Amino acid sequence: MGFFDALKLSRLKEGLARTRESLVGKVQRILASRSSIDDALLDSLEEILLAADVGTATSTRIIGRLKERVKKEKYEDAKELERILRDEIQGLFLNETEDGADPMAVPSGHRPHVIMIVGVNGVGKTTSIGKLAHAFRESGKKVMIAAADTFRAAANEQLEEWARRAGVEIIQQKHGSDPAAVAFDALNAALARGTDIVIIDTAGRLHTKVNLMEELKKIGRVLQKLAPGAPHEVFLVLDASTGQNAVQQAKEFSKSVGVTGLILTKLDGTAKGGVVMSISSELGIPVRFIGVGEQIDDLQPFDRKLFVDALFAR
């Protein structure tokens, strides 16, 4: 393992400490106390998964796979279940990029690459945009932010500060402006200036309100007038600490705006990190970035192997 992977693993281990204790710590203790594999042990494992907000469907899927493998591969020692559980959890995540590929790479067929950021208020959307912009700039990309959340008081000011910290350009208009017009102006400017990536902030009113979803669709239609296929990606920001409510938000946004990837925030402050598995498994949406701290470089590209290694670290 190289220096930067070791650093990422260390940050992840710190960020996943509460989830590790609520999920893996309990699993490891119960496996250490049993000598053989039986239905009672598997039922106990399922209860632990549910308590860590892995979700009913995903927990049932994991336990079903464990039962299949125990029967087929003739496992008898309870301690062997930890390795199988690691395999099954890692297998829940979509492998968005090839192993060893640059997680910050973007397709070369179009420029700029347009990413629309969606999510309800309070999930950490503004900070995630700032951290994402910083990560792309650090990888050598020319980045622009479009401040299209024009309805929330102080939204522009917060995003302007994050753009300053990230060292990237921001395009904004006055409070109450048409969000689609801001997105259009930003993309127009990015095309003229040879920008590599445009990150578009959007409003985060409650996901159950139809008008928000229609506004997001309108932004998409306006962008396509300048760049067919834009936005090229739609990242949904979710607060991991809300547990299964985050799954419901993901379902609502996916139906309306075609979410292509997830940014999971506040993993460092919750014992409910099991929701990561639930969302990715049930909705078939890849986790692209995870937030494991407050610093500007604490938004990490998601690596499923590194995630599981950190989760099961002793």
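What you see is a predicted model; the values in this text were computed from it and never measured.

All right, on to the overall build of the chain then. Within the chain, the secondary structure is distributed over 12 helices and eight strands. Relative to the globule expectation of 20 Å for 314 residues, the C-alpha radius of gyration of the chain, 21 Å, shows essentially globular dimensions. Per-residue burial for the chain yields a buried fraction of 54% across its 314 residues. Considering only intrachain contacts with a sequence separation of at least 6, the fraction spanning at least 24 residues in the chain is 76%. Of note, the chain has its 43 positive side-chain charges centred 2 Å away from the centre of its 43 negative side-chain charges.

Below, the discussion takes up the pattern of salt bridges. Evaluation of the coordinates by the stated rule reveals 21 salt bridges. One salt bridge connects Arg164 with Glu161, and the closest N-O pair in it is separated by 2.6 Å. Residue Arg164 and its partner Glu161 are located together in helix α7 (residues 155–166), separated by three residues, close to a single helical turn. Taking the relative accessible area as the measure of exposure, Arg164 reaches 56% and is therefore exposed.

Attention now goes to the pairing of strand β7 (residues 287–291). For β7, a buried count of five out of five residues is recorded, marking the element as mostly surrounded by other parts of the structure. In this fold, strand β6 (residues 261–265) hands off to helix α11 (residues 275–283), which returns the chain to β7; that crossover is right-handed. Where β7 and strand β8 (residues 299–301) come together, three bridges link them in antiparallel fashion. Within β8, the position partnered with Ile290 by the bridge is Gln300.

Over its 14 residues, helix α6 (residues 125–138) runs 20 Å from end to end, which matches the ideal 20 Å to within 8%, given 1.5 Å per residue. Across the 14 residues that make up α6, a large majority, 11, are buried. Those residues of α6 that fall on the buried side of the exposure criterion are Lys125, Thr126, Ser128, Ile129, Gly130, Lys131, Leu132, Ala133, His134, Ala135 and Phe136. Positioned one or two residues after α6, Gly140 has a phi angle of 95°, which is positive.

The element helix α12 (residues 304–311) is extensively covered by neighbouring structure, given that six of its eight residues are classed as buried. All buried positions along α12 are accounted for by Leu306, Phe307, Val308, Asp309, Ala310 and Leu311.

Interpretation of the predicted coordinates at a detailed level should be avoided for regions scoring low in pLDDT. For the chain, mean pLDDT is 89; residues scoring 70 or higher make up 94% of the total. When the elements of the chain are averaged for pLDDT, helix α1 (residues 3–15) gives the smallest value, 73, and strand β2 (residues 143–147) the largest, 98.

Okay, the sheet that holds strand β1 (residues 113–118) next. One open sheet accounts for eight strands, arranged β3-β2-β4-β1-β5-β6-β7-β8; its pairing is mixed. Each edge of the open sheet is held by one strand with a lone partner, namely β3 (169–171) and β8. Adjacent strand axes in the sheet meet at a mean angle of 25° when their direction is disregarded. Sheet topology places β1 next to strand β5 (residues 233–239); four bridges connect them, and they run parallel. Residue pairing across strands places Met116 opposite Val234, the latter belonging to β5. Where helix α10 (residues 244–257) meets the sheet, its contacts fall on β1 and β5, and the angle it forms with β5 comes to roughly 160°.

This part takes up unusual backbone geometry. For the peptide bond that leads from Arg111 to Pro112, omega is 5°, which places it in the cis range. Inspection of the secondary structure assignment puts Pro112 in the loop between α5 (81–92) and β1. At the junction of Ala230 and Pro231, the peptide bond is cis and its omega measures out at -5° in the coordinates. Its location among the elements puts Pro231 in the loop between α9 (210–226) and β5. Despite not being glycine, Lys74 has its phi angle at roughly 60°, a positive value. With respect to the helices, strands and loops of the structure, Lys74 is situated in the loop between α4 (56–73) and α5. Judged by relative accessible area, which is 62%, Lys74 ranks as exposed. Of note in the backbone geometry, Lys266 takes a positive phi value of approximately 60° without being a glycine. Following the sequence through the fold, Lys266 ends up in the loop between β6 and α11.

Between α10 and α11, the least distance of the axes is 9 Å, while the angle of their chain directions is 30°. Comparing their axes, α11 and α10 come out roughly parallel. Helix-helix and strand crossings are classified by hand; for α10 and α11 the assignment is right-handed. Residues Gln244, Ala246, Val247, Ala250 and Lys251 of α10 pack against Val275, Ser278, Ile279, Glu282 and Leu283 of α11.

Scoring rules and cut-offs
- Residues numbered from 1 in each chain as written.
- Predicted model: local features only at pLDDT ≥ 70, side-chain atom pairs only at ≥ 80, totals over all residues.
- Heavy atoms only, no water.
- Helix = DSSP H or I, 4+ residues; strand = E, 2+ residues; numbered from the N terminus.
- Rg over C-alpha atoms; globule rule 2.2 N^0.38 Å.
- Buried < 20%, exposed > 50% of the residue type's maximum accessible area, 1.4 Å probe, protein only.
- Contact = heavy atoms within 4.5 Å.
- Lys, Arg positive; Asp, Glu negative; His and termini not counted.
- Charge placed at Lys NZ, Arg CZ, Asp CG, Glu CD.
- Salt bridge = Lys/Arg side-chain N within 4 Å of Asp/Glu carboxyl O.
- Right-handed = clockwise from strand over helix to strand, strands pointing away.
- Pairing = 2+ DSSP bridges.
- Expected span 1.5 Å × (residues − 1).
- pLDDT = per-residue confidence, 0-100.
- Axes fitted to C-alpha atoms, helices over the stretch in contact; angles between N-to-C directions.
- Parallel < 35°, antiparallel > 145°, perpendicular 65-115°, else oblique.
- Left-handed = near helix turned anticlockwise from the far one by under 90°.

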